[in-house]
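Here is how the chains run, residue by residue.
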Amino acid sequence: QDADFIGAPASNHQITSTGDFDADLSGNDGTSRRLLWKGGETYASSADGTVAFANMTVGSWGTGKAKVTLAASVAGIRPAGATNLRILDLEFDGASAGGNFGIQVGSGACTNLLINGCYIHNTLQGIQITQSVTPDTVGIFDSVVDNLEAGTTGYSLFTAANKLSVVGSRFDTNSTGQHCF
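Worth saying up front: this structure is predicted, and the values here are computed from it rather than measured. (Residues numbered from 1 in each chain as written. Predicted model: local features only at pLDDT ≥ 70, side-chain atom pairs only at ≥ 80, totals over all residues. Heavy atoms only, no water.)

1. Things to note about the environment of serine 32
Its location among the elements puts serine 32 in the loop between helix H1 (21–28) and strand E1 (34–38). Judged by its relative accessible area of 53%, serine 32 falls in the exposed class. For serine 32 and asparagine 84, which are 52 residues apart along the polypeptide, the C-alpha to C-alpha distance reads 9.3 Å. Not counting residues up to four positions away in its chain, the partners in contact with serine 32 are Ala54, Asn55 and Met56. (Helix = DSSP H or I, 4+ residues; strand = E, 2+ residues; numbered from the N terminus. Buried < 20%, exposed > 50% of the residue type's maximum accessible area, 1.4 Å probe, protein only. Contact = heavy atoms within 4.5 Å.)

2. Some remarks on the sheet that holds strand E3 (residues 50–51)
If you trace the five strands from one edge of the open sheet to the other, you get E3-E6-E9-E12-E15, paired in parallel fashion. If you trace the sheet from one side to the other, it starts and ends with E3 and strand E15 (157–159), each paired once. Across two bridges, strand E6 (residues 75–79) lies against strand E9 (residues 101–105) in parallel orientation. Pairing of isoleucine 77 across the sheet is with isoleucine 103, part of E9. (Pairing = 2+ DSSP bridges.)

3. Considerations on the sheet that holds strand E10 (residues 111–116)
The strands making up a sheet associate through backbone hydrogen bonding, with each pair oriented either parallel or antiparallel. Read across the sheet, six strands follow the order E1-E4-E7-E10-E13-E16 without closing on themselves; strand pairing throughout is parallel. The outermost strands of the open sheet, each flanked by one partner alone, are E1 and strand E16 (163–167). The sheet shows a mean angle of 5° between the axes of neighbouring strands, taken without regard to direction. The pairing of strand E4 (residues 54–61) with strand E7 (residues 83–88) spans five bridges and is classified as parallel. Residue pairing for E7: valine 58 is matched across the bridge by isoleucine 87. The strands touched by H1 are E1 and E4; relative to E1, the strand with the most contacts, the crossing angle is about 155°. (Axes fitted to C-alpha atoms, helices over the stretch in contact; angles between N-to-C directions.)

Right, dumping it as structure tokens:
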């Protein structure tokens, strides 16, 4: 949110955030882009964070994870037709607002999706990867989904993929969700 880029990765185009994660994402979405938010800061998300391009990285830089606080019924990141998408070191806080998702792939083919180092909590759904065309390759590494909304039928992970790898991650339904896989 501030214009302090000390410690940012070198040779990046630097844009001061509006503080609205989904607006920043949609306003700067494009092929072969690396969109990084400053770690340790909090950003709001009032609409779906849609990504529809190829060869993108969406994540944090600096100390800690960038925290995205989700409004009700939105997805922190919703890949729609994206290929070679990397989602790295982000925290998605559903704030128990109701009906929201950390990461949701629902429409448009999404191939080669990597989720690494993410922390998703207080959401209805953690990670959902379902669509009419099964994703080719999905990797989920060193990520945590926990504290689903109490009393819901949500799930921490619901996915399909031709090639799926889940390593070093934890998915907790807190005994309120339907299932973990």
